[in-house]
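# Architecture at a glance
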Amino acid sequence: MKRNLIVFVVALSLINTEVKAQFVVSLHSSGSVQNFVGVNAFINAYTNASIGDTIYLPGGSFVPPVSIDKGIKVFGAGHYPDSTAVTGKTFINGNLLFQDNADNFQMEGIEVLGNVDFAENIAVNQIVIKYCKISGAFNVPGNSLNPSSNLMFINSVFIGDVTFSNAVNCAMYNCFFQSHIVNSVGNLFYNNVLLYAASFNSPVLYSQFVNNILCNNIFFQINWDNITHGSGNTYKNNVFLMASPNLGTAPIAVNNYFGVSSSVIFQSQSGNAFNYSHNYHLQSPATYIGTDSTEIGVYGGYYPYKEGAVPSNPHISLKTISPATDAQGKLNVLIKVAAQDK
């Protein structure tokens, strides 16, 4: 029943968008549903939400709340152009700021056009960001005396710098990182693609990088030999374009692939910027094997990259809405919805 209700609400949003050019934001709370429209629809839904509630954002651009201080779930329609051809992309037009009561917040299928920031020196735990794109920077600032922990990032794209000054025991699975990762201590990096935009001034991909574990990643950095200013990091089954990269002080390096030509890694890729039109499947997946016996990169590992980064809520793949009602005053609507298994 709940899944059918979700589909109905999303379908209602599509109809409403087509007919009245408004976006319906739905808040699901304790078996009830409230719908909000207008420029502040997301803000109003958040204001009325309680811990554990779920907000559904359709395709469109939404102004975010001033800060996130509740453990809720927020689902969008996705950010890939091909998978959102029917619904449109879901954008958050601004910055997201997490406060200390945002434990257990989860976000899927959304592009944040601004930064994602945590308030300085606060502990926010159990955050999940999945199937999202962060176009700005991602910042967890502080001195690690009161750190955030157990942040998880899955199948997401990070365009700006990622700073973990006040985060520990975090995990990055099957993500794309276009810029630097800074001040990371004791975190996990599995099956990611580190593109590194070479136009940045710093000659290292990682700065102040200590006691992290990095497995099955692809380091697509070609202009510098230094990978990190740090120590005690473990590198297993990663691909490096550099033949002899500097892995910092006292690294543990096991079964890595060094000096791999960029031309033989991906099916289709150029430059050092993430691009929806590129094909990040490996040319030879059987050649580069990870620690878990699957291929390295985003299509292997525990969370293989989902094509189109379609969020886990039911996804609308087809809509046909008549431009006008018929002689009986009925509006013909055809909407096709696909259930998601993850």
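No experiment lies behind these values; they were computed from the predicted model shown. (Residues numbered from 1 in each chain as written. Predicted model: local features only at pLDDT ≥ 70, side-chain atom pairs only at ≥ 80, totals over all residues. Heavy atoms only, no water.)

What follows concerns unusual backbone geometry. Despite not being glycine, Asn 174 has its phi angle at roughly 55°, a positive value. Looking at the secondary structure, you find Asn 174 in the loop between strand 19 (171-173) and strand 20 (176-177). The class for Asn 174 is buried, based on a relative accessible area of 0%. Its identity as a non-glycine residue notwithstanding, Asn 216 has a phi of 65°, on the positive side. In this structure, Asn 216 sits in the loop between strand 25 (213-215) and strand 26 (218-219). You can call Asn 216 buried: its relative accessible area is 1%. (Helix = DSSP H or I, 4+ residues; strand = E, 2+ residues; numbered from the N terminus. Buried < 20%, exposed > 50% of the residue type's maximum accessible area, 1.4 Å probe, protein only.)

Bringing the nonpolar core into the picture now. Burial of nonpolar side chains together is a common tendency in soluble globular proteins. Ile 55, Met 107, Phe 138 and Phe 164 are the most contacted members of the largest nonpolar core, which has 76 residues in total. At 4 residues, the largest contribution of residues to this core is made by helix 2 (residues 41-48). Non-local contacts of Phe 164, meaning those with residues more than four positions away in its chain, are made with Phe 138, Val 140, Phe 153, Met 172, Ile 181, Val 182, Asn 183, Ser 184, Asn 187 and Phe 189. (Core = buried A, V, L, I, M, F, W, Y, C linked by side-chain atoms within 4.5 Å. Contact = heavy atoms within 4.5 Å.)

Moving on, we get to the sheet that holds strand 12 (residues 133-134). With parallel pairing, 9 strands are arranged side by side in an open sheet as 4-6-9-12-16-20-23-26-29. In this open sheet, the two strands that pair with only one neighbour each are strand 4 (60-62) and strand 29 (239-240). Where strand 4 meets strand 6 (residues 90-92), 3 bridges bridge the pair, whose relative direction is parallel. Within strand 6, the position partnered with Gly 60 by the bridge is Thr 90. (Pairing = 2+ DSSP bridges.)

Reading across the sheet, the 12 strands line up as 2-1-3-5-8-11-15-19-22-25-28-30 and stay open at both edges, with mixed pairing between neighbours. Two strands lie at the open edges of the sheet, namely strand 2 (32-36) and strand 30 (252-254), each paired on one side alone. Across the sheet, the mean angle separating the axes of adjacent strands is 10° when strand polarity is ignored. Sheet topology note: the strand 11 (residues 128-130)/strand 15 (residues 152-154) ladder contains 3 bridges and is parallel. Following the sheet pairing, Ile 129 is matched in strand 15 by Phe 153. (Axes fitted to C-alpha atoms, helices over the stretch in contact; angles between N-to-C directions.)

A few words now on the packing of aromatic side chains. Applying the stated criterion across every chain yields a total of 31 aromatic pairs. Aromatic pair Tyr 80 and Tyr 305: ring centres 6.5 Å apart, planes at 55°, arrangement tilted. One end of the pair, Tyr 80, is in the loop between strand 5 (73-75) and strand 6; the other, Tyr 305, is in the loop between strand 32 (279-282) and strand 33 (315-321), and 225 residues separate them in sequence. Under the relative-accessibility criterion, Tyr 80 is labelled buried at 9%. (Phe/Tyr/Trp six-rings, centres within 6.5 Å; stacked < 30°, edge-to-face > 60°.)

On to the side chain of Ser 184. Among the structural elements, Ser 184 can be located in the loop between strand 21 (181-182) and strand 22 (188-190). A polar side-chain atom of Ser 184 sits 2.9 Å from a polar atom in the side chain of Asn 187. Within the structure, Ser 184 has its side chain in polar contact with the side chain of Asn 212 (distance 2.8 Å). (Polar contact = N/O pair within 3.5 Å; in protein donor to acceptor, adjacent residues only side chain to side chain.)

One pass over the full model with this rule turns up 1 salt bridge. One salt bridge connects Lys 133 with Glu 111, and the closest N-O pair in it is separated by 3.8 Å. Here Lys 133, found in strand 12, pairs with Glu 111, found in strand 9 (residues 111-112); they are 22 residues apart in sequence, far enough to count as distant. Here Lys 133 and Glu 111 have matching classes, each one buried. (Salt bridge = Lys/Arg side-chain N within 4 Å of Asp/Glu carboxyl O.)

To continue, consider the confidence of the model for the protein chain. This prediction gives the protein chain a mean pLDDT of 85; 79% of its residues lie at or above 70. Note on residues 1-20: pLDDT under 50 across the span, and 40 contacts to partners over four residues away in sequence or across chains. (pLDDT = per-residue confidence, 0-100.)

Mapped onto the secondary structure, Asp 53 falls in the loop between helix 2 and strand 3 (54-56). As a C-alpha pair, Asp 53 and Gly 71 span 18 residues in sequence and 8.0 Å in three-dimensional space. Apart from the residues lying within four places of it in its own chain, the contact partners of Asp 53 are Leu 27, His 28, Ser 29, Ser 30, Ile 72 and Lys 73. Here the side chain of Asp 53 touches Ser 29 through a polar contact of 2.9 Å, side chain to side chain. At a separation of 2.7 Å, a polar atom in the side chain of Asp 53 contacts the main-chain amide nitrogen of Ser 50.

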